[in-house]
Amino acid sequence: MFRFDQLIRRDTIVRDVKQSHPETVPVFEEMGFRSSCDDCDIETVARKYGLSSQDVLAALNRAAFGSDAGR
């Protein structure tokens, strides 16, 4: 069970997400995020790759907390 305040947010640093939630690493890989982006926040990297930060966050939160978290 997750708590709302534990959700991954757009200003969270990619490296912090990978360390706290290793199950998100495949999501980053599928989206093409490179390790050189690990020190950037999720919104910046999503924008760089032409992705919706909301879609990226939904996928990461589902991976980290289960299917209900990405809603």
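Above this text you will find the structure in question.
Below is a summary of the structure that appears in this document. A quick note: this is a predicted structure, and the numbers were derived from the prediction, not measured.

Definitions and cut-offs
Residues numbered from 1 in each chain as written. Predicted model: local features only at pLDDT ≥ 70, side-chain atom pairs only at ≥ 80, totals over all residues. Heavy atoms only, no water. Helix = DSSP H or I, 4+ residues; strand = E, 2+ residues; numbered from the N terminus. Rg over C-alpha atoms; globule rule 2.2 N^0.38 Å. Contact = heavy atoms within 4.5 Å. Areas by Shrake-Rupley, 256 points an atom, 1.4 Å probe, with all protein chains shown as cover. Lys, Arg positive; Asp, Glu negative; His and termini not counted. Charge placed at Lys NZ, Arg CZ, Asp CG, Glu CD. Salt bridge = Lys/Arg side-chain N within 4 Å of Asp/Glu carboxyl O. Buried < 20%, exposed > 50% of the residue type's maximum accessible area, 1.4 Å probe, protein only. Polar contact = N/O pair within 3.5 Å; in protein donor to acceptor, adjacent residues only side chain to side chain.

1. A look at the overall build of the protein chain
Phase 1 of the analysis: Scanning the protein chain from N- to C-terminus turns up four helices and zero strands.
Phase 2 of the analysis: By the compact-globule yardstick of 11 Å for 71 residues, the protein chain fits well, its C-alpha radius of gyration being 11 Å.
Phase 3 of the analysis: Taken along the three principal axes of its C-alpha coordinates, the protein chain extends 30 × 20 × 20 Å.
Phase 4 of the analysis: Nonlocal contacts in the protein chain, meaning residues at least 24 apart in sequence, comprise 58% of its contacts between residues at least 6 apart.
Phase 5 of the analysis: For the protein chain, the accessible area works out to roughly 4,600 Å², and carbon and sulfur atoms hold 46% of it.
Phase 6 of the analysis: Each charge sign in the protein chain was given a centre, from 10 positive and 12 negative side chains, and these centres are 3 Å apart.

2. A word on the pattern of salt bridges
Phase 1 of the analysis: If you walk through the whole model with that rule in mind, you get five salt bridges.
Phase 2 of the analysis: Salt-bridge contacts for E43 lead to R10; the nearest nitrogen and oxygen are separated by 2.8 Å. Taken as a pair, E43 in helix α3 (residues 42-48) and R10 in the segment before α1 (14-20) lie far apart in primary sequence, 33 residues in all.
Phase 3 of the analysis: E43 is paired through a salt bridge with R47; the nearest N and O atoms lie 3.9 Å apart. Taken together, the residues span about one helical turn, with E43 and R47 both in helix α3 at a distance of four residues.
Phase 4 of the analysis: For E43, a relative accessible area of 23% gives the class partly exposed.
Phase 5 of the analysis: Residue classification places R47 among the exposed positions, given a relative accessible area of 57%.
Phase 6 of the analysis: Put simply, R15, K18, D38 and D39 are held in one network by salt bridges that share partners.

3. Quick look at the side chain of D38
Phase 1 of the analysis: If you trace the backbone, D38 turns up in the loop between α2 (25-30) and α3.
Phase 2 of the analysis: Polar side-chain contacts of D38 include one of 2.9 Å to the side chain of K18.
Phase 3 of the analysis: Residues contacting D38, with those up to four places away along its chain left out, are I13, V14, R15 and K18.

4. Thoughts on the environment of C37
Phase 1 of the analysis: Turning to its location among the elements, C37 is positioned in the loop between α2 and α3.
Phase 2 of the analysis: For C37, a relative accessible area of 3% puts it in the buried group.
Phase 3 of the analysis: As a C-alpha pair, C37 and V14 span 23 residues in sequence and 7.2 Å in three-dimensional space.

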